[in-house]
Amino acid sequence: MKKYTITVLFLIAAGVYLGYLSIKQSTTIDESVYLETSKSVRFLKTLDSSINLLLFKLNYEKVSAYTTLDQLNDSISSEFDELRFEALFEEIERSPDLDAKAEDFGDNLVAKQISTEQFVEQQKKLRALDKKLNRLYRDIQSLVSAAKTEEAEPNTLVEDLLETKINFYLFLETLSPERKDLLDDNLTALVSNIANNENEEAPLIQDYVDTLSAIISTKQLVQKHFEEAVATSTTERLDAFEQSYANFHNEQINASKKFRTVLITYGSVLLAILIIFAYLLRRQYANLEQQVKDRTKKIGEAYNELKESQEQLIQSEKMASLGEMVAGIAHEINTPLGYINGNVNTVQTNITTDLDELNVAIGMAYKEARKADRDAAKLSQLFTTVLRVYQRIENDGVINENKELLKDSNHGLHEISQLVQSLKNFSRLDRQATEKVDIHDCIESSIKIASHHIKQNSVEIEKHYGDIPNIGCTPSKLNQLFLNVITNACQAMKTKGGVLSITTQEGGEFLEITFTDQGEGMDEDTAQKMFDPFFTTKPIGEGTGLGMSISYKIVKEHNGKIEVKSTPNVGTSIVIQLPLNTAST
Amino acid sequence: MSDTTKYNVLFVDDEQRILTSLRSIFRREYNVFTALGGKEALEILANNTINVIVSDQRMPNMLGNELLAQVHKLYPQTMRLLLTGFMDKQAIIQTINEGEIYRFINKPWSNESIQAVIKEAAEASQIDIGFSPQQAPTPANQNSATIEGAGDQAKAPLPQPQKKAISDHATLIMGSSQSLRNQIRQVCKQEAIAVYSTQSIRQAVNAIVARPSIGVLVIELLSDTDEVIHTISLLKQKRPELITVVLADETDAEVAVSLINSGQVFRYLSKPLELLQLQKIIKAGFERHSAIKNNINSQVRFKVQKPTNKITAGLKELFTSFGLLKKQT
């Protein structure tokens, strides 16, 4: 049982933990975020390459799409901000790597934008200088042309100027040091030319040279910023960020997959355990059913055994009382049989010895007397013998003894035949079961059957028989009842003897038979239990305790009542009431 | 009325007709006394020397065995017989052990056999019992005697001659129960009595024939009751001074009657016994043994009748081989 409780508790704990994890997990795992993010990253990449492309165009072609560049920069910033602080805020918060990558990209983006802005500023400046330079060149050219016509003298200045210009642009194109040297030579020549010339074009040329210098330095700055901007490789950073995000996402997916595996495992384990529980429960149930069946069977068996043993007990009670009854009757018959047997033997001896002798003597005397030639002397002698024998017999009292013995024997035989008659009446085997019966007959035959008990315990019977009608009953059962009551009364009086008075009278619808003894009596408790089966006051082995319970049953079968009144050391009264009219059930 | 040349016989029964019948049988050869109860009988015994008393068992107020136990105590010379209608086990066993009776007579009796038994008893009653009634075990003085005796023995070793005299005695045990043998050994050791232990009738008979010192025979009755009764009967015929104590798991009324009538057993008891009880019995047994031995005539008082059951062939052969039974021609 403890094992099951622990298992269930463990399962519940695991379930709660997994539930908590799943709630946490479900807030982060969202495939749409990933798709959105991928799209956003792609867009960022597009924007980035567009910016790069535009930068190249701005640097090497004569386009001035500065507004587009600004717009692109704004777009990329806002897109990234959105990604950084809206879409992937939590992910970035959670993943340090992603955070680092985003930071890196953000920093570079800002750096690139600063470079770009500087590039654009310098380039605008460069373009203004370039225009100024072209204007100066044209002004100088026109001045030189006018002078030519006036002086008609070829001037080398214009040629120098042109050469300078060519070298300058070549230098600008390539920014190579040789070109720079050439250009520097040209510039030196121009400056020396001006110094020698007090012409009106001299300030212009000075301005031109200055502008050229300014252009060169500005161009260098433009180039520097362009290179800076281009070199700031936001694309790679973006790739790294994307990679990092992909890793993060994969990790998330893996974790989720792992979690799912755990969940599935948990589910399977739960299911398995539930199945085991169900099986156990089922088996237990089946077991229980079997146990109930077994128990029921056992109880049934026990009940049958009990019933059987109860029947056996009742039977053994019957046998015990029968045995006691038979023993008593055997003794009752044995006593007269003893003296009858002795008497008959004695009478026989008396007859075969004394009386035969007398008979023989008389016979001889008679024969002698009948003789014609009788001898008086012999006859007298024979008569003397007769007289002597007679005298002896008379003295011995043989005749009287014989009479006495035969009288006793007769009495004994009468006793025996009365006992046999009582036995016959008692069992009533030759009569129908229910009939109109004189209760006095039943009592009388019961007394006779119990006579041994009565004598043995020095009990005197007093009968107060009323004038009662015959009633319908089962005499053999009533006899058993009366015998039980009489036997109990005798046993109650065994220590000091006493009187058992039996009273019969008619009272209303009942016939009342009262047995009152002068025995030990009972206290109230014992009297109450008297009719309970197996209740006995006799020592173990001497009574089954069923006698009075059987008596009770017999009275109930006759629709009668049986009551007991008892006072310790005074005696007990058993009152039996039997209905006058109702036949027994 | 009383004729001094005739034996005095007392019949006790609560049924007058039984007394009449018995009187008519015996009045010629005996002075017949009758009593209707134990109390009356004791009065007659007090005023007359009664040779034989025959009492019924079932009587109101005083039972036959109670009366005979009293008679045994007060008038040991009087031969005691019990008339019994049907078996009342407890009474019969008590009559043996407390009344030391001569015979049980079954009701209804045959005149011839009762006459024969009473004749034997009457003749035996003339012979001095050889021991005074005071020596006979009565519950009161027996106890004190035993305690005194035991005390003496505990205090000092027995004087040499007495010890020698006692060592002539031997007890024979026949039976298989280890605990009983140990008990008897213990008792006999205290009393300086030799003990022989046997397991079968053959061994027992052999030992008794070979050793005249055996005075008391303790038999554990297990099975073959008939054989044991025959054995006791034959041994008692040949050695009337042999005292027999029979022990059984459960005493039986019919066996008890046979043991008395055919074996004159001294005691018939149910196991287990207490050591003290056993000691008393064995001591009393040897006293009786010595008394009979010293007064050879008193043997008549313990005459046995032939067992009613037929002797088995094996047993007959056994006894013949020991010369206890004559060869039948």
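Provided above is the structure to which this section pertains.
Attention here is on the structure that accompanies the text. (Residues numbered from 1 in each chain as written. Chains lettered and ligands numbered in written order. Predicted model: local features only at pLDDT ≥ 70, side-chain atom pairs only at ≥ 80, totals over all residues. Heavy atoms only, no water.)

### Quick look at the overall build of chain B
Operational definition: Each helix is a run of DSSP H or I of at least 4 residues and each strand a run of E of at least 2, with the numbering of both proceeding from the N terminus. Residue burial is assigned from relative accessible area. The probe radius is 1.4 Å, only protein chains are included, and a residue is buried under 20% of its type maximum, exposed over 50%, and partly exposed in between. The criterion used for residue contact is that any of the two residues' heavy atoms lie within 4.5 Å.
Tallying secondary structure elements over chain B gives 13 helices and 10 strands in all. For chain B, the proportion of its 329 residues judged to be buried stands at 53%. Put simply, 70% of the contacts in chain B that link residues at least 6 apart link residues at least 24 apart.

### Here we look at the overall build of chain A
This is how the line gets drawn: To measure how exposed things are, a 1.4 Å probe is used in the Shrake-Rupley method; for residues, cover is taken only from the protein chains shown.
When you go through chain A residue by residue, the secondary structure sums to 16 helices and 7 strands. Considering chain A as a whole, with its 585 residues, one finds that 37% of them fall into the buried category. Expressed as a percentage of contacts within chain A between residues at least 6 apart in sequence, the contacts between residues at least 24 apart total 76%. A total accessible area of about 34,000 Å² is found for chain A, and carbon and sulfur atoms account for 55% of it.

### Some details on the interface of chain B and chain A
Note the threshold: Buried area adds together the accessible area that both of two parts lose upon being put together, with accessible area traced by a 1.4 Å probe. Any carboxyl oxygen of Asp or Glu within 4 Å of a side-chain nitrogen of Lys or Arg constitutes a salt bridge here. Basically, the charged four are Asp, Glu, Lys and Arg, the nonpolar ten are Ala, Val, Leu, Ile, Met, Phe, Trp, Tyr, Cys and Pro, and anything else, Gly included, counts as polar.
With 20 residues of chain B in contact, the opposing surface of chain A contributes 25 residues. A buried area of about 1,900 Å², summed over both sides, lies between chain B and chain A, and 49% of it is on carbon and sulfur atoms. The interface formed by chain B and chain A holds 4 salt bridges in total. A:Asp408 is paired through a salt bridge with B:Arg17; the nearest N and O atoms lie 3.8 Å apart. At 6 residues, the largest contribution of residues to the side of chain B that touches chain A is made by helix 1 (residues 16-26) of chain B. Looking at the side of chain B that touches chain A residue by residue, the classes come out as 7 nonpolar, 7 polar and 6 charged.

### Here's the deal with the nonpolar core
Put simply, the test is: Residues enter a nonpolar core if they are buried and are Ala, Val, Leu, Ile, Met, Phe, Trp, Tyr or Cys, with the set joined through side-chain atoms within 4.5 Å.
With 52 residues, the main nonpolar core has B:Leu10 and B:Tyr268 as its most contacted residues. For this core, the element with the highest residue contribution is helix 11 (residues 253-263) of chain B, accounting for 6 residues. Setting aside its immediate chain neighbours within four residues, B:Tyr268 contacts B:Ile93, B:Ile96, B:Asn97, B:Leu221, B:Val246, B:Ala248, B:Glu250, B:Thr251, B:Asp252, B:Val255, B:Ala256 and B:Leu259. Counting residues in hydrophobic clusters, the runner-up holds 48 residues, among them A:Leu54, A:Leu83, A:Leu136 and A:Phe171.

### Quick word on the sheet that holds strand 8 (residues 214-221) of chain B
All names here are of chain B. What counts, and what does not: By this definition, two strands are paired if DSSP reports at least two bridges between them. Whenever a helix is involved, its axis is fitted only over the stretch in contact; in every case the axis is a line through C-alpha atoms, and angles between N-to-C directions fall within 0 to 180 degrees.
Taking strand neighbours across the sheet as the criterion, the 5 strands line up as 7-6-8-9-10 in an open arrangement whose pairing is parallel. The open sheet has two edge strands, strand 7 (194-198) and strand 10 (267-270), and neither has a second partner. Across this sheet, the average inter-strand angle for adjacent strands is 20°, counted without regard to direction. Against the sheet, helix 10 (residues 225-238) touches strand 6 (170-174), strand 8 and strand 9 (243-248), its axis set at about 170° to strand 8.

### Topic: the environment of A:Gly508
Mapped onto the elements of the fold, A:Gly508 is located in the loop between strand 4 (498-507) and strand 5 (510-516). When the C-alpha atoms of A:Gly508 and A:Leu580 are compared, they prove to be 8.7 Å apart, with 72 residues separating the residues in sequence.

### Points about the packing of helix 1 of chain B against helix 5 (residues 111-125) of chain B
Residues and elements named next belong to chain B. Cut-off, in case you're wondering: Each angle gets one of four labels, with under 35 degrees taken as roughly parallel, over 145 as roughly antiparallel, 65 to 115 as roughly perpendicular, and the rest as oblique. Should the near helix be turned counterclockwise from the far one by less than a right angle, the crossing is left-handed, whereas a clockwise turn marks it as right-handed.
It is the contact of helix 1 with helix 5, at a shortest axis distance of 11 Å, that shows an interaxial angle of 70°. In terms of their interaxial angle, helix 1 and helix 5 are classed as roughly perpendicular. Here helix 1 and helix 5 pass one another in a crossing that is right-handed. Along its contact with helix 1, which presents Leu-22, Ile-25 and Phe-26, the element helix 5 presents Asn-111, Ile-114, Gln-115 and Ile-118. A breakdown of the residues in the contact of helix 1 with helix 5 according to their chemical character gives 5 nonpolar, 2 polar and no charged.

### Comments concerning unusual backbone geometry
Cis geometry is adopted by the peptide bond preceding B:Pro108, which originates at B:Lys107 and carries an omega value of -10°. Note that B:Pro108 resides in the loop between strand 5 (103-106) and helix 5. One non-glycine residue, A:Asn569, lies in positive phi territory at about 65°. If you trace the backbone, A:Asn569 turns up in the loop between strand 6 (561-567) and strand 7 (571-579). One non-glycine residue, B:Gln264, lies in the positive phi region at around 45°. Of note, B:Gln264 is situated in the loop between helix 11 and strand 10.

### Some points on the environment of A:Asn457
Residues and elements named next belong to chain A. Quick note on the threshold: Under the rule applied, a polar contact is a pair of N or O atoms within 3.5 Å (in protein, one hydrogen donor and one hydrogen acceptor; residues adjacent in sequence only if both atoms are side-chain atoms).
Note that Asn-457 resides in the loop between helix 13 (451-456) and strand 2 (459-465). The buried category is assigned to Asn-457, whose relative accessible area is 11%. In this structure the C-alpha to C-alpha distance between Asn-457 and Lys-494, which are 37 residues apart in sequence, comes to 4.7 Å. Excluding residues within four positions of it along the chain, Asn-457 makes contact with Cys-490, Gln-491, Met-493, Lys-494 and Gly-497. Of note is the side chain of Asn-457, whose polar atom sits 3.0 Å from the backbone oxygen of His-453.

### Here's the deal with a negative patch on the surface
Residues and elements named next belong to chain A. The test is simple: Exposure above 30% relative accessible area and the absence of a salt bridge qualify a residue for a patch, where like charges join within 9 Å and nonpolar side chains (Val, Leu, Ile, Met, Phe, Trp, Tyr) within 5 Å. Only four residue types enter the tally: Lys and Arg on the positive side, Asp and Glu on the negative side, with His and both chain ends excluded. By convention, charge coordinates are those of NZ in Lys, CZ in Arg, CG in Asp, or CD in Glu.
A cluster of acidic side chains, namely Glu-36, Asp-81, Glu-82 and Glu-86, defines a negative patch on the protein surface. Element by element, the count of residues in the negative patch is highest for helix 3 (residues 66-87), at 3 residues. With respect to the helices, strands and loops of the structure, Glu-86 is situated in helix 3.

### Quick look at the packing of aromatic side chains
Which entries qualify depends on this criterion: Here a pair means two rings of Phe, Tyr or Trp (six-membered ring of Trp) with centres within 6.5 Å. Their orientation is stacked below 30 degrees between planes, edge-to-face above 60, and tilted elsewhere. We call a charge positioned over a ring when the NZ of a Lys or the CZ of an Arg lies within 6 Å of the ring centre and within 35 degrees of the ring normal.
With the rule as written, the count across this model stands at 9 aromatic pairs over all chains. Measuring from ring centre to ring centre gives 5.6 Å for B:Phe26 and B:Tyr30, while their planes differ by 65°; the resulting arrangement is edge-to-face. For the pair B:Phe26 and B:Tyr30, a shared accessibility class is recorded, and that class is buried. Taken together, the aromatic side chains of B:Tyr7, B:Phe11, B:Phe26 and B:Tyr30 make up a single cluster linked through ring pairs. Positioned above the aromatic ring of A:Tyr66, the side-chain terminus of A:Lys124 is 5.2 Å from the ring centre.

### Concerning a nonpolar patch on the surface
There is a patch of nonpolar side chains on the surface, built from A:Val8, A:Leu9, A:Ile12 and A:Val16 and spanning about 360 Å² of accessible area. In this fold, A:Leu9 is placed in helix 1 (residues 2-28).

### Observations concerning the sheet that holds strand 4 (residues 79-84) of chain B
Residues and elements named next belong to chain B. Pairing is parallel in the open sheet, where 5 strands are placed in the order 2-1-3-4-5. In this open sheet, the two strands that pair with only one neighbour each are strand 2 (30-35) and strand 5. The sheet shows a mean angle of 20° between the axes of neighbouring strands, direction not considered. Here 4 bridges tie strand 1 (residues 7-12) to strand 3 (residues 52-56), and the two strands are oriented parallel to one another. Within strand 3, the residue paired with Phe-11 across the bridge is Val-54. Contacting strand 1, strand 2 and strand 4, helix 1 runs over the sheet at an angle of about 175° to strand 2.

### A closer look at the side chain of A:Gln577
Residue and element names in this part refer to chain A. Along the chain, Gln-577 turns up in strand 7. Here Gln-577 falls in the buried class, since its relative accessible area comes to 18%. A polar contact is formed between the side chain of Gln-577 and the side chain of Glu-512, at a distance of 2.9 Å. With sequence-adjacent residues up to four places away left out, Gln-577 is seen in contact with Phe-510, Leu-511, Glu-512, Val-555, Gly-560 and Lys-561.

### What about the pattern of salt bridges?
Residue and element names in this part refer to chain B. Applying the stated rule across the entire model yields 25 salt bridges over all chains. Notably, a salt bridge pairs Lys-107 with Asp-13, separated by 4.0 Å at the nearest N-O pair. Of this pair, Lys-107 sits in the loop between strand 5 and helix 5 while Asp-13 sits in the loop between strand 1 and helix 1, and the two are 94 residues apart along the sequence. For Lys-107, a relative accessible area of 5% gives the class buried. Judged by relative accessible area, which is 1%, Asp-13 ranks as buried.

### A word on the packing of helix 12 (residues 439-449) of chain A against helix 14 (residues 475-492) of chain A
All names here are of chain A. Here helix 12 crosses helix 14 at 50°, and the two axes come no closer than 9 Å. Judged by the inter-axis angle, helix 12 sits oblique to helix 14. For helix 12 against helix 14, the interelement crossing comes out right-handed. Here Ile-439, Cys-442, Ile-443, Ser-445, Ser-446, Ile-447 and Ile-449 of helix 12 come into contact with helix 14, specifically with Pro-475, Leu-478, Asn-479, Phe-482, Leu-483 and Ile-486.

### Here's the deal with helix 4 (residues 89-99) of chain B
Residues and elements named next belong to chain B. Among all positions in helix 4, only Ala-91, Ile-92, Ile-93, Thr-95, Ile-96, Asn-97 and Gly-99 are buried. Check the buried side of helix 4 and you find it contacts helix 3 (64-74), strand 4, strand 5, helix 11 and strand 10. Directly after helix 4, the chain includes Glu-100, whose backbone phi takes a positive value near 40°.

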